[in-house]
Amino acid sequence: MIQTIKTQPYGDQKMGTGGLRKKTKVMMQENYFENFIQSVFNAIGGVKGKTYVVGGDGRCFNAEAIQKFIKMAAANGAKKLLIGQNGYMSTPAGSNLILKNKTNGGFTFSASHNPGGINGDFGVKYANETGGQVPTSITDKIYQLSKEITEYKISDAADVDLSQIGFQKIEDMEIEVIDPISDYVTMLEKIFDFNALKNLFKSGFSMRFDAMNAITGPYATRIFEDILGAKQGSVIRATPLPDFGGLHPDPNLVYDKDLVDFMYSAQATDFAGANDGDGDRNMILGRHFFVTPSDSLAILTDNYQYVPAYKNGIYGVAKSAATSTAVCRVAQARNLPCYVVPTGWKYFVNLMDSNRITLCGEESFGTGSSHIREKDGIWAILFWLSIIAATGKSVEQITREHWEKYGRIYYMRFDFEGLDTSVADKLMTDLEEKLPSLKDKYFNGYEIQNAAPFVYNDPVDGSTTKNGLVIDFKDGSKITYRLSGTGSSGATLRVYIESPDKTNFNQDTQQKLQNLLKTAMEVAEISIRTGKTKADVNT
Ligand code: G1P
Ligand code: ZN
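Conventions and cut-offs
Residues numbered from 1 in each chain as written. Chains lettered and ligands numbered in written order. Predicted model: local features only at pLDDT ≥ 70, side-chain atom pairs only at ≥ 80, totals over all residues. Heavy atoms only, no water. Near = heavy atom within 4 Å. Polar contact = N/O pair within 3.5 Å; in protein donor to acceptor, adjacent residues only side chain to side chain. Areas by Shrake-Rupley, 256 points an atom, 1.4 Å probe, with all protein chains shown as cover. Phe/Tyr/Trp six-rings, centres within 6.5 Å; stacked < 30°, edge-to-face > 60°. Helix = DSSP H or I, 4+ residues; strand = E, 2+ residues; numbered from the N terminus. Lys NZ or Arg CZ within 6 Å of the ring centre and 35° of its normal. Pairing = 2+ DSSP bridges. Contact = heavy atoms within 4.5 Å. Axes fitted to C-alpha atoms, helices over the stretch in contact; angles between N-to-C directions. Donors = N, O, S within 2.8 Å, 3.2 Å for Na, K, Ca; no water. Tetrahedral: all angles 85-135°; square planar, octahedral: opposite > 155°, others 65-115°. Buried < 20%, exposed > 50% of the residue type's maximum accessible area, 1.4 Å probe, protein only. Right-handed = clockwise from strand over helix to strand, strands pointing away. Disulfide = S-S within 2.5 Å.

A. Molecular detail of the site of ligand 1. The environment of ligand 1 is formed by 15 residues, the closest being Ser364, Ser484, Gly485, Thr486 and Arg494. One of the side-chain nitrogen or oxygen atoms of Ser484 is found 2.6 Å away from an oxygen atom of ligand 1. Thr486 places a side-chain nitrogen or oxygen 2.4 Å from an oxygen atom of ligand 1. Starting from 380 Å² of accessible surface for ligand 1 in isolation, the protein chains cover 98%.

Next comes the structure, spelled out in structure tokens:
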């Protein structure tokens, strides 16, 4: 039976860079999740007769959230849900299913790379029929309606068994429980030369993939071990756990230090990769070698000819403003357009849909292409393996040759976490005001060329977005400041620094960027305002 439940708004359901993210316990409050889902339904003109892809990264509250969602979709008249077996679905696999089945969109229950568990975070990502997250105009509307909500609809039917593949019905809505992996594999087989990759592993090539106890374990085991023939046990931490075994499932130098240490040890494999909680981020490592995400995007772009899906040419590339300019150097050399967009994958979607770009990426360990409308962790690893298979070169060789050709752009991101929101906001407004006065000033040996907010005019829909403050130096170095939009409490100030070098490729990154970091801290008065003398996370 369909019930109408009276409710009251919480008032804080604003979606950020990666959907709605909150503490798990906040999401578990009475009617909290339900309010948000009903607000999404209301904002998109209802779900009557519509079909959605549904799944999550397996974190705490995933199973309960999916049952609530099913009952609400049924009560609101949805036609059908395609749900991953056991409620599992990686973000890229979900995006593929939306496009393949031409559904009205999809819901992924994940707080991405944020920790999970009862004391961690939970999240909801909503994608529309493009297969990507919706533009700000829609998230604003959802937020508005969530502040006015008075009731929601839900079926009182029993929980649905999601353990068996097949069809079921609840109220008038059809449910199809599907294998969340097979369509994803089919998609990847169309992009890459799987035989070449099989031969690579046959030749004795060794790899380690760290699923960080999150959603990509089953995907990676099937793809790398079962299909491509990587040695059994190559995929580690392969079982999705509700609390990710206590890990912070963000594949970077800090949160996946285990993998980094392994790759710098005597036991290191030829290659290693890791993915985040919901499978859209990636980290790339070679034997005793780390590739920055900005370099990775540039290297993939310069080697697109080794992947069947791209070998006949790509439209163009895009990067977020905070990502290093490495990929734009490649684009320039290859006569391709290079778009620079605000942080957040949704800004790439319009560029893909209008055939302006094929490849894109962010410094935050996200790389992808127009095969779907989300970044794709396993795709990035297969791309690297394709280059290695075709060239016979190691990760380090490929990267060093890239630097020889284009110069090296030293890059690092410094995060100041747990700041008081009002302190962080004030720091940014005051800094913005000060920017024009910085022009031509010298700081610690660096001369400022220009300092201004980053403003993006979307060439497709004409919208304007302001995101972050940028200081450009005369030698090509750059400092970008922005506040994170994915935290579940407090504020995080991100300071992104890059500095190019044409000849010296063997400096320590932190050392190379030391004076720029000092400048960044001085200019924004970070220590005085936040009490922090150094960043909490460097990656
Ligand atoms: C972070 C990253 C950003 C990414 C987003 C979602 O957002 O910086 O590149 O798109 O997560 O994965 P932020 O917390 O900086 O707003
Ligand atoms: Zn993610």
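B. Structural detail: the packing of aromatic side chains. The tally for this structure, following the rule as stated, stands at 24 aromatic pairs. Relative to Phe365, the ring of Phe290 lies with its centre 6.3 Å away and its plane at 35°, an arrangement referred to as tilted. One end of the pair, Phe290, is in strand β14 (residues 289-291); the other, Phe365, is in the loop between β17 (359-362) and β18 (366-369), with 75 residues separating them in the sequence. Both rings, one in Tyr310 and one in Trp379, keep their centres 6.5 Å apart while their planes meet at 80°; by these two values the pair is edge-to-face. Of this pair, Tyr310 sits in the loop between α10 (293-302) and β15 (317-320) while Trp379 sits in helix α13 (residues 377-391), and the two are 69 residues apart along the sequence. Feature note: the residues Phe33, Phe41, Tyr52, Phe61, Phe69, Phe107, Phe109, Phe122 and Tyr126 constitute an aromatic cluster, connected by ring pairs. Sitting over the face of the ring of Trp403, Arg408 holds its NZ or CZ atom 4.2 Å from the ring centroid.

C. Structural view of the sheet that holds strand β10 (residues 207-210). An order of β11-β10-β12-β13-β14 is seen for the 5 strands of this open sheet, with the pairing classed as mixed. With one partner strand each, in any of the chains shown, β11 (235-236) and β14 form the two edges of the open sheet. Sheet contacts for α10: β13 (282-286) and β14; angle to β14, the most-contacted strand, approximately 75°. Against the sheet, α13 engages β10, β12 (271-275), β13 and β14, with an angle of about 165° to β12.

D. Looking closely at the coordination of the zinc ion (ligand 2). Ligation of the zinc ion (ligand 2) by protein atoms is provided by Ser112 (OG), Asp276 (OD), Asp278 (OD) and Asp280 (OD), these donors lying 2.0 to 2.1 Å from the ion. One can describe the site at the zinc ion (ligand 2) as irregular: its 4 donor atoms subtend angles covering 89 to 159° at the metal. Look at where the donors of the zinc ion (ligand 2) fall in the sequence and you get S-x163-D-x1-D-x1-D. Judged by its relative accessible area of 0%, Asp278 falls in the buried class. Taking relative accessible area as the criterion, Asp280 reaches 1% and is therefore assigned buried.

E. The arrangement of the pairing of strand β3 (residues 51-56) in detail. The element β3 is extensively covered by neighbouring structure, given that 6 of its 6 residues are classed as buried. In β3, alternate side chains face the same way, and those of Thr51, Val53 and Gly55 on one face and Tyr52, Val54 and Gly56 on the other are all buried. Note: β3 against strand β4 (residues 80-88), 5 bridges, orientation parallel. From the neighbouring strand, Thr51 faces β4, where its bridge partner is Lys80. Crossover handedness for the path β3 to helix α3 (residues 62-75) to β4: right-handed. Two elements, β3 and strand β5 (residues 105-109), share 5 bridges in a ladder whose sense is parallel. Bridging across to β5, Val54 finds its partner in Phe107.

F. Focus on the state of the cysteines. Counted by the stated rule, this structure contains 1 disulfide. What pairs with Cys328 in a disulfide is Cys338, and their sulfur atoms sit 2.1 Å apart. One quick way to see it: the torsion about the S-S bond of Cys328 and Cys338 is about -60°, and its sign makes the bridge left-handed. Taken together, the positions of Cys328 in helix α11 (residues 326-333) and Cys338 in strand β16 (residues 338-341) put the pair 10 residues apart, joining distant regions of the chain. Judged by relative accessible area, Cys328 falls into the buried class, the value being 17%. Summary of cysteine pairing: Cys360 is not part of a disulfide, and the nearest cysteine sulfur, belonging to Cys338, is at 11 Å.

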